Amino acid sequence: MSHPRPSISPGPCPRGLLHILALLATSMLHAQPLHRTQHFTRADTLRGSIGPERRWWDVLHYDVSIRPDLATKQIHGTTVIGFIALEDGLRMQIDLQQPLEVDSVTADVSRFRNGNFTIVDVKAYTEREGNVLWVDLPQPLKAGEASTVRITYHGTPREAVHPPWDGGWIWKKDAQGNPWASVACQGLGASVWYPGKDHQSDEPDDGAALHITVPDSLQAIGNGRLRDVVRNGDGTSTWNWKVTQPINTYNLVPYIGRYAHFNEVYNGLDGPLDCDYWVLAANEAKAREQFKQVPAMLNCFEDHFGPYPFYKDGYKLVEAPHLGMEHQSAIAYGNGFRNGYLGKDLSGTGVGLKWDFIIVHESGHEWFGNSITTADIADMWVHEGFTNYSETIFTECQQGKEAAERYVQGCRRNIANDKPIIGPYGVNQEGSGDMYYKGASLLHMIRQFTGDSTFHAMLREMHVRFRHKVTTSAEVERFISTFCGMDLTKVFDQYLRTTKVPELQWTIRNGLLWTRWANTVPDLKMPVRISVGGQPQRTISVGTAWSAHSGKVAEDATLTADPGWYISTTRTSPKALKRLKDPKFGTGTPAF
């Protein structure tokens, strides 16, 4: 997923004019977070929360049929939603964004006829409220009963102006003049092109089917595996794709164009993994060379995170008419077959020019975001912070630990500290774009606390615990604290829920080093690795009250903090200690 414009703000890293220009050149990077004011409406609440008309039913399956008119930019579609009642219910909230128009809504109903029960399609009562379609079923369902709703619709869907950062349909032509179309809709929502329960908390348990009807001269690529292609005899063909595992609604997308196809098999932790590549025919040679990076990426990520999460549905890269997106088992690729991010290194170190950003970042989302999904977009740092750190992990696999350190530290120049990383809940609103680089720096710091072996074991256990599950930031935070054996509550609050960068204040008085944290949440305790006066590094525990540390140091010594910590340091006057009485050296209070 791509991220928003980094903004410039004071922080522990120096910034100059060239850096500002570089940031502006790469101002929109990995996702489609929505940037709006804090004034929320009823529509925001309907979109972002689980109200009573959503809560009582659980999606089991989506079956989406779509026929786009590439000349008029209109679509005609039918979506069948299979669901089960979690409690008794009648009225459903189904999302479909305007200006798309509903033609009909029917539901399965059991009828007794001629001595037998039969299932018939019966018209449902509907009412439109903006982007919400209220559906009253023909008869109530009791908890445990399953049914289907069928919605047919048509219209001119919202068109993306600058995909993937703003969402909608993308209607383009390739260099040869052939139609080239797709959808990017994270944040905006899948309901921009098909109806459903457009909320991250409810993935279809049994996956989805996607049927794309296009002219015979074109190919239509979808998620999962291709089941068949049906020639319709009218100059069109329908490409039928099937996803067997749970999938985020925004990840289900069509790609339409004049594609060439090649494939390989990666022998991974769970056996043979089919890797398929669909690229514009004119770009096949370049793609065959650039996509040689895929096996090394998969090997690194499986080693650090565990098996690729979707062996049943395969792995795909599909050339897209936009930069890229983590569409599950059909990753959108638009990086121009170049290393780096459109040929640039987001860390400014040169390290990121040795691998293809879109291949690495968007594939990392298969573990973080697609397999492990947050219930609310406000917690999107779990998707983006971990995936951003997967870039550091791949750099370490490819180039070694020193290069990885340079990469993660270099990327801090993109941190804005404009607003908290975690956004407001229940209104479909994410937090700061700092969820990427600051989220990665937070994880890198936790790695310094725990050591490499515990940190990597935590990542692998995370994918055992949360595989194919919907979770929350709070649940992930508790898991990390428990697994690592340290209470990181205050650390998470500091970096996820404030914009403050902890300031390590220090001074030397009578040959003793004194420290404390400032610019923090109340009572923050956090270790930090330091060197004083050129002495070997050591780790000290620091709280928000001044404390002294054993060991004589010269009055003119300088303290240097390990750059693995995202903090600032300030030397203060010893006068700050005047009011302290009976100092206790090396208080012995652990940081966690």
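How each quantity is defined
- Residues numbered from 1 in each chain as written.
- Predicted model: local features only at pLDDT ≥ 70, side-chain atom pairs only at ≥ 80, totals over all residues.
- Heavy atoms only, no water.
- Helix = DSSP H or I, 4+ residues; strand = E, 2+ residues; numbered from the N terminus.
- Buried < 20%, exposed > 50% of the residue type's maximum accessible area, 1.4 Å probe, protein only.
- Contact = heavy atoms within 4.5 Å.
- Areas by Shrake-Rupley, 256 points an atom, 1.4 Å probe, with all protein chains shown as cover.
- Salt bridge = Lys/Arg side-chain N within 4 Å of Asp/Glu carboxyl O.
- Pairing = 2+ DSSP bridges.
- Phe/Tyr/Trp six-rings, centres within 6.5 Å; stacked < 30°, edge-to-face > 60°.
- Lys NZ or Arg CZ within 6 Å of the ring centre and 35° of its normal.
- Axes fitted to C-alpha atoms, helices over the stretch in contact; angles between N-to-C directions.
- Parallel < 35°, antiparallel > 145°, perpendicular 65-115°, else oblique.
- Left-handed = near helix turned anticlockwise from the far one by under 90°.
- Nonpolar A, V, L, I, M, F, W, Y, C, P; charged D, E, K, R; others polar.

S.K.: Any chance you could explain the overall build of the chain here in plain terms?
M.R.: Scanning the chain from N- to C-terminus turns up 12 helices and 29 strands. Principal-axis analysis of the C-alpha atoms gives the chain an extent of 95 × 55 × 45 Å. When burial is assessed residue by residue, the chain has 59% of its 592 residues classed as buried. Contacts in the chain between residues far apart in sequence, at least 24 positions, make up 71% of those at least 6 positions apart. Carbon together with sulfur atoms contributes 52% to the accessible area of the chain, which is approximately 22,800 Å² in total.

S.K.: Explain the pattern of salt bridges here, please?
M.R.: Oppositely charged side chains can pair when the atoms bearing their charge come close. Within this structure, the stated rule accounts for 19 salt bridges. In this structure, the salt-bridge partner of Glu284 is Arg288, at a minimum N-O distance of 2.9 Å. Of this pair, Glu284 and Arg288 both sit in helix H4 (residues 284-290), four residues apart, which is roughly one turn of that helix. Since its relative accessible area comes to 42%, Arg288 is described here as partly exposed.

S.K.: Quick question: what am I supposed to make of the pairing of strand E17 (residues 271-280) here?
M.R.: The side chains of a regular strand alternate, residue by residue, between the two faces of the sheet. Across the 10 residues that make up E17, a large majority, seven, are buried. Hairpin remark: strand E16 (residues 259-268) followed by E17, antiparallel, with two residues in the connecting loop. Sheet topology note: the E17/strand E18 (residues 315-319) ladder contains four bridges and is parallel. Within the sheet, the bridge partner assigned to Tyr277 lies in E18 and is Leu317.

S.K.: How do you make sense of the packing of aromatic side chains when you look at a structure like this?
M.R.: Any pair of aromatic rings gets described here by the distance separating the centres and the angle formed by the planes. For the coordinates displayed, the defined rule picks out 35 aromatic pairs. Pairing Trp57 with Phe83 gives two aromatic rings, centres 5.6 Å apart and planes at 70 degrees, and the pair type is edge-to-face. Placement of Trp57 in strand E1 (residues 57-69) and of Phe83 in strand E2 (residues 74-85) is noted, with a sequence separation of 26 residues between them. Residue Trp57 shares its accessibility class with Phe83, and that shared class is buried. Over the face of the ring belonging to Trp57 we find Lys197, whose NZ or CZ atom lies 4.4 Å from the ring centre.

S.K.: Any chance you could explain the environment of Ile151 here in plain terms?
M.R.: Structurally, Ile151 is set in strand E8 (residues 146-155). Along the chain, Ile151 and Leu504 lie 353 residues apart, while their C-alpha atoms are 58 Å from each other. Setting aside its immediate chain neighbours within four residues, Ile151 contacts Gly77, Thr78, Thr79, Ile81, Ile94, Val102, Ser104, Val105 and Pro195.

S.K.: Help me understand the packing of helix H6 (residues 357-364) against helix H7 (residues 381-399) in this model?
M.R.: For any two helices packed against each other, the geometry comes down to the angle between their axes and how far apart the axes lie. Running from N to C, H6 and H7 cross one another at 135 degrees; their axes reach a closest spacing of 8 Å. By the criterion of interaxial angle, the relationship of H6 to H7 is oblique. Of the two possible hands of crossing, H6 and H7 adopt the one that is right-handed. For the pair formed by H6 and H7, the contact residues are Phe357, Val360, His361 and Gly364 on the first element and Glu384, Thr387, Asn388, Ser390, Glu391 and Phe394 on the second.

S.K.: Got a minute to help me understand the packing of helix H8 (residues 401-410) against helix H9 (residues 437-450) in this structure?
M.R.: Orientation of H8 relative to H9, taken along the N-to-C sense of each, is 140 degrees, at an axis distance of 10 Å. By the angle class used here, H8 and H9 are oblique. Where H8 approaches H9, its residues Lys401, Glu405 and Val408 are matched on the opposing element by Ala440, Ser441, His444, Arg447 and Gln448. Split into classes, the residues belonging to the contact of H8 with H9 amount to two nonpolar, three polar and three charged.

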